[in-house]
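Spelled out from the first residue to the last, the chains are:
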Amino acid sequence: IAFLILLFSFSYNLYGFEVGTIKLSQIIDSSREYGNFINNFENIKKNIFNDLSNIEDNLNTKKEDIENSKILLSEDEYDKRVTEFNIEANDFKVRVEKINNQIENYLQTNKSILINEVAEIVKKISEEKNIDIIFNENQYFLSNSRIDLTNLVIERLNEIKIDFSEFDIIIE
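Residues numbered from 1 in each chain as written. Predicted model: local features only at pLDDT ≥ 70, side-chain atom pairs only at ≥ 80, totals over all residues. Heavy atoms only, no water.

Caption draft 1: Representation of unusual backbone geometry within the structure. At Asn130, a residue that is not glycine, the phi angle is positive and equals roughly 55 degrees. Counting through the fold element by element, Asn130 comes out in the loop between α4 (75-128) and β3 (133-136). (Helix = DSSP H or I, 4+ residues; strand = E, 2+ residues; numbered from the N terminus.)

Caption draft 2: Spotlight on the packing of aromatic side chains. Evaluated as defined, the whole model comprises six aromatic pairs. When the centroid spacing of 5.2 Å and the interplanar angle of 40 degrees are considered together, the rings of Phe41 and Tyr106 count as tilted. On the criterion of sequence distance, the pair formed by Phe41 in helix α3 (residues 32-68) and Tyr106 in helix α4 is long-range, its members being 65 residues apart. One exposure class covers both Phe41 and Tyr106, and it is buried. Taken together, the ring pairs connect Tyr34, Phe37, Phe41, Tyr106 and Phe164 into an aromatic cluster. (Phe/Tyr/Trp six-rings, centres within 6.5 Å; stacked < 30°, edge-to-face > 60°. Buried < 20%, exposed > 50% of the residue type's maximum accessible area, 1.4 Å probe, protein only.)

Caption draft 3: Inspection of α3 at higher detail. With 37 residues, α3 extends 53 Å between its outermost C-alpha atoms, agreeing within 8% with the 54 Å of an ideal straight helix rising 1.5 Å per residue. When we look at burial in α3, the residues that qualify are Tyr34, Phe37, Phe41, Ile48, Leu52, Leu59 and Ile66. Of the surrounding elements, those touching the buried residues of α3 are α2 (24-30) and α4. (Expected span 1.5 Å × (residues − 1). Contact = heavy atoms within 4.5 Å.)

Caption draft 4: Seen up close, the pairing of strand β2 (residues 17-22). The element β2 is largely enclosed, with a buried count of five among its six residues. Sheet topology note: the β2/β3 ladder contains four bridges and is parallel. Considered in β3, the bridge of Val19 is made with Ile133. (Pairing = 2+ DSSP bridges.)

Caption draft 5: Main features of the pattern of salt bridges. Evaluated as defined, the whole model comprises six salt bridges. Glu77 is the partner of Arg81 in a salt bridge, and the nearest nitrogen-oxygen pair spans 3.1 Å. Of the two residues, Arg81 and Glu77 are both situated in helix α4; the distance of four residues between them amounts to about one turn of the helix. We classify Arg81 as partly exposed; its relative accessible area is 33%. (Salt bridge = Lys/Arg side-chain N within 4 Å of Asp/Glu carboxyl O.)

Written out as structure tokens, the structure reads:
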């Protein structure tokens, strides 16, 4: 009887299939390694955006200088400076978009690394517990806590070291 109780605490037999569930969002939020990764990345991102903010401030100062010198400059000289400024401003905009894309790709790559680790853990648990199907929270509406494997996955995930990719941003 104890064996049956233990078996049912981890899975549920549905039409001959042993079923389990996980809450992937809770697993991600509870991962210590991923939390540390995000905290470290936030510091890196803060430095990047501080640098970009300084460049933006310089561009705004340059724009004000051009506007204030309009009456002192010839029309050709003024137009030349405005054109140069517009090129610099556009280059800055492209640079920011490129950095944002790099950040998005970096975060997505590392979230995929985490999800792959979770998938390996879930696979091992399914083999250990003879579970045929494990659903995540996007695949079911309601489940019994007896079949929820979330805490077991979190426990095992927090026992391993995850090798996230290094941030290799190109700031030109």
